[in-house]
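# Architecture at a glance
Residue strings, one per chain:
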Amino acid sequence: MNGREQWASKLGFILAAVGSAVGLGNIWRFSYVAGESGGAAFLLIYVICIFLIGLPVLLAEFTIGRKGQTDVIAAFTSKAPGKPWVLGGFFGLAASFFILSFYGVIAGWVLYYIYSYFTGTAGAVEEGGYGDFFESFIGSSGGPIFWQVLFMAIVIGIVYFGVKKGIELSNKIFMPLLAVILLFLAGFSLTLDGASEGLQFLFSPEWSAFGDAEVWSAAVGQAFFTLSLGMGAMITYSSYLSKDNRLPSAAGTVVVLDTLFAIVAGLVIFPAVFSFGIDPGDGPGLIFVTLPEVFNLMGGGGTVFAIFFFILVALAALSSAISLLEVSVAFVMRKFNWARKQAALVVGLLITAVGIPSALSQGGPLTEATIAGLPFLDFVDTLTDMYFLPLGGLMIALFVGWGWRREDAFRESDLTGSSIAPLWIWFLRIVAPLGILWILYLNVVNTPFFQ
Ligand code: TRP
């Protein structure tokens, strides 16, 4: 594995891992899923899943990655050649490919909103008109593809320059910027009239929701997605590490910052939603239709708020998309012995092409071309979030929990001698796998594929 790049600094790795975790998942996905699933109860269950399943599996991914110093597929095979673990790697590779294909589409919508607020068209929409504004955009053909391709071009451009000069550098700029914009927006939102109602929605749970299987299954899906778990993004990033990072504290930092980011994004969005009497359960259109209505009602400052908000979302999406592309690029570089630049271009373009049917499926010409009753984008999203990520996570937990010798697992994760070491192993062996299997069962019973 000579000639593989490494992160230039400890902070560089942490920021890149946080950059991967913090993305559309924390803002777009978190807000609409939390909104649909009742707010506070969902938030609590989600935090439980983050700590019971997310944190142990994240540390397992870091451990596999740094030990293997290679891509997802080889990371599974080099330790135990010929064993079924490599399936986890294949799920991961496929998931990274498909998630990025639709992620680019949604991030493209965000770029279009930035553009439309800058040129004034979005700000000039009449009250109540954002549903039409959004639908006429996503229902066209050229628009969504143009913005998707533009977004993917930026992603490819950054991965093209490599681990240090592309990924690490961009994250060092994006992450602090994100934090500043987010806090600024939250500060503003909390001065709105609906702030206390928004806070109540987010923090005062209805206990009956704890018996609702769908809330649990939404929470586990969200936990995997938001932590970039279950498909080797974190394995790939930690494969560029040398020995000097402490993995448990790195994993803890990523989990805490990612969760805080989602909660603060909730503080930006829900006070605004309640101030203007809007239904938080509006679904995936929440940040594209509902919030713009709110920005509109804010008057002149609304446009400024909107521009900062969508720039925030775009930067967060960018740093996550980079990590998704890097998974397949790292694989192709090793497997076919390609140079990084060639790998980034070819794989990136292929993923962009696979995303085009998704871009055309939301009211555009391919809306009726459904798979299992779902438009293409929704199908790919559901398939990856509900099946591939949990299955990948299951393989990762079992691989380290049962496939490695305990001493090896402790040493490679920097947990030797620590009192949480045995706890971690039992979470990987029993708690996380049972939790994941239970959720997979619920998903099979509840999703359209199997009805
Ligand atoms: N975690 C990112 C988000 O919240 C998305 C993401 C990046 C991702 N890499 C991933 C999701 C790997 C699943 C797996 O937007």
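What you see is a predicted model, and the numbers here were worked out from it, not measured in a lab.

### Brief notes about the overall build of the protein
Along the protein, the regular secondary structure elements total 18 helices and zero strands. Computed over C-alpha atoms, the radius of gyration of the protein comes to 21 Å, within 12% of the 22 Å expected from 2.2 N^0.38 for 451 residues, which places it in the range of a compact globule. Going through the 451 residues of the protein one by one, you find that 60% of them count as buried. Residue pairs at least 24 apart in sequence account for 82% of intrachain contacts in the protein once pairs closer than 6 positions are excluded. Of the accessible surface of the protein, which amounts to about 16,600 Å², a share of 67% is contributed by carbon and sulfur atoms.

### Side note on the nonpolar core
In this structure, Phe62, Phe288, Phe309, Phe310 and Trp424 are the most contacted members of the largest nonpolar core, which totals 171 residues. No other element matches helix α14 (residues 300-335), which puts 21 residues into this core. Not counting chain neighbours up to four residues away, the residues in contact with phenylalanine 62 comprise Phe13, Ala17, Met234, Ser238, Leu247, Ala250, Ala251 and Val254.

### Some words on the packing of aromatic side chains
Overall, the coordinates contain 44 aromatic pairs when judged by the stated rule. On the basis of an interplanar angle of 85 degrees and a centroid distance of 5.6 Å, the ring pair of tyrosine 113 and phenylalanine 133 is categorised as edge-to-face. Here tyrosine 113, found in helix α5 (residues 86-119), pairs with phenylalanine 133, found in helix α6 (residues 130-138); they are 20 residues apart in sequence, far enough to count as distant. A relative accessible area of 12% places phenylalanine 133 in the buried class. Aromatic pair tyrosine 115 and tryptophan 147: ring centres 5.2 Å apart, planes at 40 degrees, arrangement tilted. Of this pair, tyrosine 115 sits in helix α5 while tryptophan 147 sits in helix α7 (residues 142-160); the two residues are 32 residues apart in sequence, bridging distant segments of the chain. We classify tyrosine 115 as partly exposed; its relative accessible area is 43%. Residue classification places tryptophan 147 among the buried residues on the basis of a relative accessible area of 11%. The positively charged end of arginine 29 is found above the aromatic ring belonging to phenylalanine 225, 5.0 Å away from the centroid.

### Things to note about the site of the ligand
Around the ligand, a shell composed of 18 residues is seen, among which Ala21, Gly25, Tyr103, Phe225 and Ser228 lie nearest. Tyrosine 103 is positioned with one of its side-chain polar atoms (N or O) 2.5 Å from an oxygen atom of the ligand. In the complex, the protein chains occlude 100% of the 360 Å² of accessible area that the ligand would expose alone. If you list the elements that add at least two residues to the shell around the ligand, you get α1 (10-21), α2 (24-36), α5, α10 (213-226) and α14. Each residue belonging to the shell around the ligand can be placed in one class, and the counts come to 10 nonpolar, eight polar and no charged.

### Remarks on a nonpolar patch on the surface
There is a patch of nonpolar side chains on the surface, built from Leu44, Ile48, Leu52, Trp207, Trp402, Trp426, Ile430, Val431, Leu434 and Leu437 and spanning about 950 Å² of accessible area. Within the residue set of the nonpolar patch, elements represented by two or more residues are α3 (40-68) and α18 (421-446). In terms of residues, the nonpolar patch owes the most to one element, α18, which gives five residues. Inspection of the secondary structure puts tryptophan 426 in helix α18. We classify tryptophan 426 as partly exposed; its relative accessible area is 40%.

### Re the confidence of the model for the protein
The share of residues in the protein with pLDDT of 70 or more is 97%, and the mean pLDDT across the chain is 91. No element of the protein has a lower mean pLDDT than helix α4 (residues 72-79), at 83, and none a higher one than α7, at 97.

Conventions and cut-offs
Residues numbered from 1 in each chain as written. Predicted model: local features only at pLDDT ≥ 70, side-chain atom pairs only at ≥ 80, totals over all residues. Heavy atoms only, no water. Helix = DSSP H or I, 4+ residues; strand = E, 2+ residues; numbered from the N terminus. Rg over C-alpha atoms; globule rule 2.2 N^0.38 Å. Buried < 20%, exposed > 50% of the residue type's maximum accessible area, 1.4 Å probe, protein only. Contact = heavy atoms within 4.5 Å. Areas by Shrake-Rupley, 256 points an atom, 1.4 Å probe, with all protein chains shown as cover. Core = buried A, V, L, I, M, F, W, Y, C linked by side-chain atoms within 4.5 Å. Phe/Tyr/Trp six-rings, centres within 6.5 Å; stacked < 30°, edge-to-face > 60°. Lys NZ or Arg CZ within 6 Å of the ring centre and 35° of its normal. Near = heavy atom within 4 Å. Polar contact = N/O pair within 3.5 Å; in protein donor to acceptor, adjacent residues only side chain to side chain. Nonpolar A, V, L, I, M, F, W, Y, C, P; charged D, E, K, R; others polar. Patch = residues over 30% accessible without salt bridge, like charges linked within 9 Å, V, L, I, M, F, W, Y side chains within 5 Å. Salt bridge = Lys/Arg side-chain N within 4 Å of Asp/Glu carboxyl O. pLDDT = per-residue confidence, 0-100.

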